[in-house]
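# Examining the three-dimensional arrangement
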Amino acid sequence: MEIQELREKHPEHWNMACAIRTLTLDAVAAANSGHSGMPMGMADVATVLFKNHLKFDASAPKWADRDRFILSAGHGSMLIYSLLHLTGSADMTLDQVKNFRQWGAITAGHPEYGHVDGVETTTGPLGQGIANAVGFALAEEVQRATFGRKLVDHMTYVIAGDGCLMEGISQEAIGIAGKHQLSKLVVLWDDNGITIDGKVELSDVTDQKARFKASGWQVLECDGHDPEDIDRALTAAKKGKKPTMIACKTHIALGSSAQDTSKGHGALTDATLIADTRAVYGWENGAFDIPKGVKDAWESVGSKGAAAHAEWQTRLEAMGEGRRKEFLRIQSGEPHRRLPNLIRQIKKDASENAPKMATRKASEAVLKAINPVMKETFGGSADLTGSNNTLTDDMGVHSPENRKGRYMYYGIREHGMAAAMNGMALHGGTRAYGGTFMCFTDYARGAMRLSALMGVPVTYVMTHDSIGLGEDGPTHQPVEHLSMLRATPNTHVFRPADLVETAEAWECAMSSTKTPHVLALSRQNLPLVRSKHIPKNMSSFGAYVLAESEGKRQAILMATGSEVSIAMEARELLQAEGIGTRVVSMPCWELFAEQDEAYRKRVLPGGSARVAIEAGVRHGWDQWLLGERGREARSGFIGMPGFGASAPAETLYEKFGITAEATVAKVKALLA
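Below, the structure is looked at part by part. In this text, all values refer to a predicted model and were calculated from it rather than measured experimentally.

The rules behind each value
- Residues numbered from 1 in each chain as written.
- Predicted model: local features only at pLDDT ≥ 70, side-chain atom pairs only at ≥ 80, totals over all residues.
- Heavy atoms only, no water.
- Helix = DSSP H or I, 4+ residues; strand = E, 2+ residues; numbered from the N terminus.
- Buried < 20%, exposed > 50% of the residue type's maximum accessible area, 1.4 Å probe, protein only.
- Contact = heavy atoms within 4.5 Å.
- Lys, Arg positive; Asp, Glu negative; His and termini not counted.
- Charge placed at Lys NZ, Arg CZ, Asp CG, Glu CD.
- Pairing = 2+ DSSP bridges.
- Axes fitted to C-alpha atoms, helices over the stretch in contact; angles between N-to-C directions.
- Parallel < 35°, antiparallel > 145°, perpendicular 65-115°, else oblique.
- Left-handed = near helix turned anticlockwise from the far one by under 90°.
- Nonpolar A, V, L, I, M, F, W, Y, C, P; charged D, E, K, R; others polar.
- Salt bridge = Lys/Arg side-chain N within 4 Å of Asp/Glu carboxyl O.
- Phe/Tyr/Trp six-rings, centres within 6.5 Å; stacked < 30°, edge-to-face > 60°.
- Lys NZ or Arg CZ within 6 Å of the ring centre and 35° of its normal.

### Points about the overall build of the chain
A tally of helices and strands in the chain yields 27 helices and 18 strands. Taken over the C-alpha atoms alone, the chain extends approximately 95 × 55 × 45 Å along its principal axes. Counting all 672 residues of the chain, 62% fall into the buried class. Across the chain, the fraction of contacts at a sequence separation of at least 24, relative to all contacts at a separation of at least 6, is 78%. Where the 74 positive side-chain charges of the chain centre and where its 79 negative ones centre are 6 Å apart.

Laid out in C-alpha cells, this is it:
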C-alpha cells in the first residue's frame, strides 16, 4: 500500500505508526548514531500487533501471562523504545528516548534485558532473538500443560530481519520449533530485501518461505504497510497448529529519500532528509513532540490489557494455596526449600561409600535427586544424552504429545539449544540445563556470552572436559576452553573433583538467580577426594584446603577436577619424603576471587612453593601462581603445552607429563 493511500484510508493507524517513525528519526539524529530504517519500515506491523493482538498491561510489565514480544532485529531498538514510551511504560520516559545511546540511559544501542521492563531479552547479535523465542514458547507450553490454560496461555511474537534469518542459528531454532509444533510462536519477517552491503541478492538466494515450510512451519504473507492485511495474517497465525512465519513485505526507511537502499539501514541524521520525511508523513509537530490525541490512543493500547490481567489475578488467587505458592515460587526463581538437604544427603552418602565415578555420572546422580523435587527444571542434550548423563527417569521427554515432558532431544544444535535455554530462563518459571561435549562450547559461545551479559541462571553441562576423554583425539579434547569460559564476566565455571564437589556445584547452580553456570565434567572415573563429610558447601567458596600439610608447609598444590586426585597422590609422595604439602581444590575460580582477602590468604598464604595442576593450558593460572602472595621463582604449572592427541587417557596423561611423579619433580626443583 502506498503512503498516500495509507494516510487516506487509515488515518488513525497512520498517525500512530508515524509516532514510532518520528521518534526514531529524532532519537537517532540526537544521538548521531543508530539504525533508523527498520523501525520506520516495520512501524505498521508493530502498530497492528500492539493495538489488535498483543496481550499486555503496560502498568504490569512482569505479568506472568503476558504475551512476549521479542525484537530479534535488535539494531532497530528505537522500535521497541518508541512502543514502550507510547504505551505508557513507567521506565521509558521521553527523557530516556531523548538520551538514546547515551551514558546512563536505559535506551542502549541494542535492547538489553534488565535495563528496562518490557525488553524481554538482549538482542543485537543477529539470530539470537528468534532462537530465544523458541525457548520462550517451549516454557509456555510446559507451564500451560502443568498449571492449565487459566493460568498460562500466551503467545510469543518476534520481529526478525534478513540478518536474523541468514545467521546459522536461525535454522537450528526453526528446526526445533517446527519439530515441536510450537503453535504459539509467530515470527514477523521484515522482508525489505536490504542489508548493510546492499540488496539481499548480493549475498543470498535462499527462499526463506520455502525454508520455513520445510522446517514444519505455517507460512503466511502480508503487505507490511496495509493494516488490514497485517491484521488478517496475525489472526490466521493465532489459529494455526504450527509455528507461523509471516513474510511482511516492507520498505526500509519508508517515506525518506533513503527508502529501499542500504543507506536506509543506518543512521538517518541529515536535517533536510528528516524534514522532507516528516513532510511526506504529514507530521507537523516538532522533534520528540507527539500530538496528544496520538499519545492518548497509544496509552489506551497500553491499558487495554489491565482487565485481562485483573481476571488472571483473580484466577490465581482462587487456586489452592499449595499450588499457588508453588507457581509463585518457580516464577520468582527461588530454589526449593528441600534443595540444601538433598545435597547434604548426597554428600554424606558419598563420604560413607567413597564411590569412584566420572563426574558426568556424578552429575546424573545429583540430578536424580533434584529433578523430582524441583519440577521447574528442563533438561536436554545436543544429541549426547547418553554421554552427558542429563536425562533422569522422572522428567519425561518433551513432544507435541507430551507437553509436560521436561527433557528435550535437541539434535546436533548446540547453539540453538543454548539460546533456547536462555529464552526459557528469561520467560520465567523454568530452570534450564543442557549438555554437550566441553569442546563444543565453541558452537554455543554466542548464546553463552549472552547468558552472562543478561545474568540468566542457565546451567551448561559440559562433559568430556579434557584429554581424559582419550581416543577421540584433539578435535574433541578441550585445552583452551576453561580459560575462555573463565575469561567471560559473570560466569561461574565449576570443575568438580568428585561426587561431593559435583553435588555442591549443582546446589550453587540451582540457587543462582543472576549468573550462568558451566559444569566441566570428566568422562573418566575419578576417586572420591572428599572422604570426610562436611555439611557446609565448600565449593561455594571457590577454593578450599582439601588436605593440610603434615609438618612444616613447604609446598601448595592447586588443582581442579580430575587433577585433584593427582595432587593428592603427589602430596602422599612428597610427605613421604618429609616435604610438607597442602592441597587446595579450586572448583570455581570466580567464587574464590569474590572471597575476602582474609579467606584467600588462609587458603593461599605466602612462603611456599606453588604448583598448579590442570589438564588444560596455563592461561589464567598465573592469577593464583604469581598473584595472591605467590612468586614466579617458586611457582610452576603441570598441564597442557598445546593441543592433545589420540590415545587412551592413561597414555595421554603420562606422555604429557600430568602425573603425580611429574608434580613431585616440579616441587623439588622449585625448592632446590
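### Concerning the sheet that holds strand E10 (residues 431-437)
Strand order across the open sheet formed by 6 strands is E9-E8-E10-E11-E13-E12, with parallel pairing between neighbours. This sheet does not close on itself; its edge strands, each paired only once, are strand E9 (407-409) and strand E12 (492-494). Across the sheet, the mean angle from the axis of one strand to that of its neighbour is 20 degrees, orientation sign disregarded. Summarising the sheet, E12 and strand E13 (residues 517-521) pair through 3 bridges and their orientation is parallel. By the bridge assignment, Val493 is partnered in E13 with Val518. Sheet strands touched by helix H19 (residues 441-454): E10, strand E11 (459-463) and E13. Its angle to E11, the strand with the most contacts, is close to 160 degrees.

### What about unusual backbone geometry?
Phi at Asp383 takes a positive value of approximately 70 degrees, unusual for a residue other than glycine. Mapped onto the elements, Asp383 comes out in the loop between strand E8 (377-381) and helix H17 (385-388). In this structure Asp383 comes out as exposed when scored by relative accessible area, which is 52%. The backbone phi angle of His464 is positive, close to 60 degrees, even though this residue is not glycine.

### Describing the packing of helix H22 (residues 564-576) against helix H27 (residues 660-671)
Viewed as axis vectors pointing N to C, H22 and H27 meet at an angle of 55 degrees, and their least axial separation amounts to 8 Å. On the basis of their axis angle, the class for H22 and H27 is oblique. Judged by the twist between their axes, the crossing of H22 over H27 is right-handed. Mapping the contact onto sequence places Ile566, Glu569, Ala570, Leu573 and Leu574 in H22 and Ala660, Glu661, Thr663, Val664 and Val667 in H27. When the residues that make up the contact of H22 with H27 are grouped by side-chain class, the tally is 7 nonpolar, 1 polar and 2 charged.

### Here's the deal with the pattern of salt bridges
In total, this model carries 36 salt bridges according to the counting rule given. Glu504 serves as the salt-bridge partner of Arg530, at 2.7 Å between the closest nitrogen and oxygen. Residue Arg530 is located in the loop between E13 and strand E14 (544-547), and its partner Glu504 is located in helix H21 (residues 499-511); the two are separated by 26 residues in the primary sequence. For the pair Arg530 and Glu504, a shared accessibility class is recorded, and that class is buried. One network of salt bridges, in which partners are shared, links Glu140, Glu141, Arg144 and Arg403.

### A few points about the packing of helix H3 (residues 37-53) against helix H10 (residues 227-239)
Here H3 crosses H10 at 55 degrees, and the two axes come no closer than 9 Å. Relative to H10, the element H3 lies oblique. Read as a crossing pair, H3 and H10 show a hand that is right-handed. Packed against H3, whose contacting residues are Asp44, Val45, Val48, Leu49, Asn52 and His53, the element H10 presents Pro227, Ile230, Asp231, Leu234, Thr235 and Lys238 at the interface.

### Quick look at the packing of aromatic side chains
Taken as a whole and assessed by the stated rule, the structure comprises 17 aromatic pairs. A ring pair is formed by Phe437 and Phe440, whose centres lie 6.0 Å apart and whose planes are at 25 degrees; its orientation type is stacked. With respect to burial, Phe437 and Phe440 carry one shared label: buried. These aromatic residues form a ring-pair network of at least three members: Phe541, Trp589, Phe592, Tyr599, Trp621 and Trp624. Note that Arg21 overlies the ring of Tyr281, its terminal NZ or CZ placed 5.8 Å from the centroid. Over the face of the ring belonging to Trp589 we find Arg486, whose NZ or CZ atom lies 3.8 Å from the ring centre.

### Some thoughts on the environment of His13
Of note, His13 is situated in helix H2 (residues 11-31). Given a relative accessible area of 8%, His13 falls into the buried group. Once the C-alpha coordinates of His13 and Gly264 are considered, the two residues, 251 residues apart in sequence, prove to be 23 Å apart. Among residues more than four places away in sequence, those in contact with His13 are Leu6, Asp44, Thr47, Val48 and Pro227.

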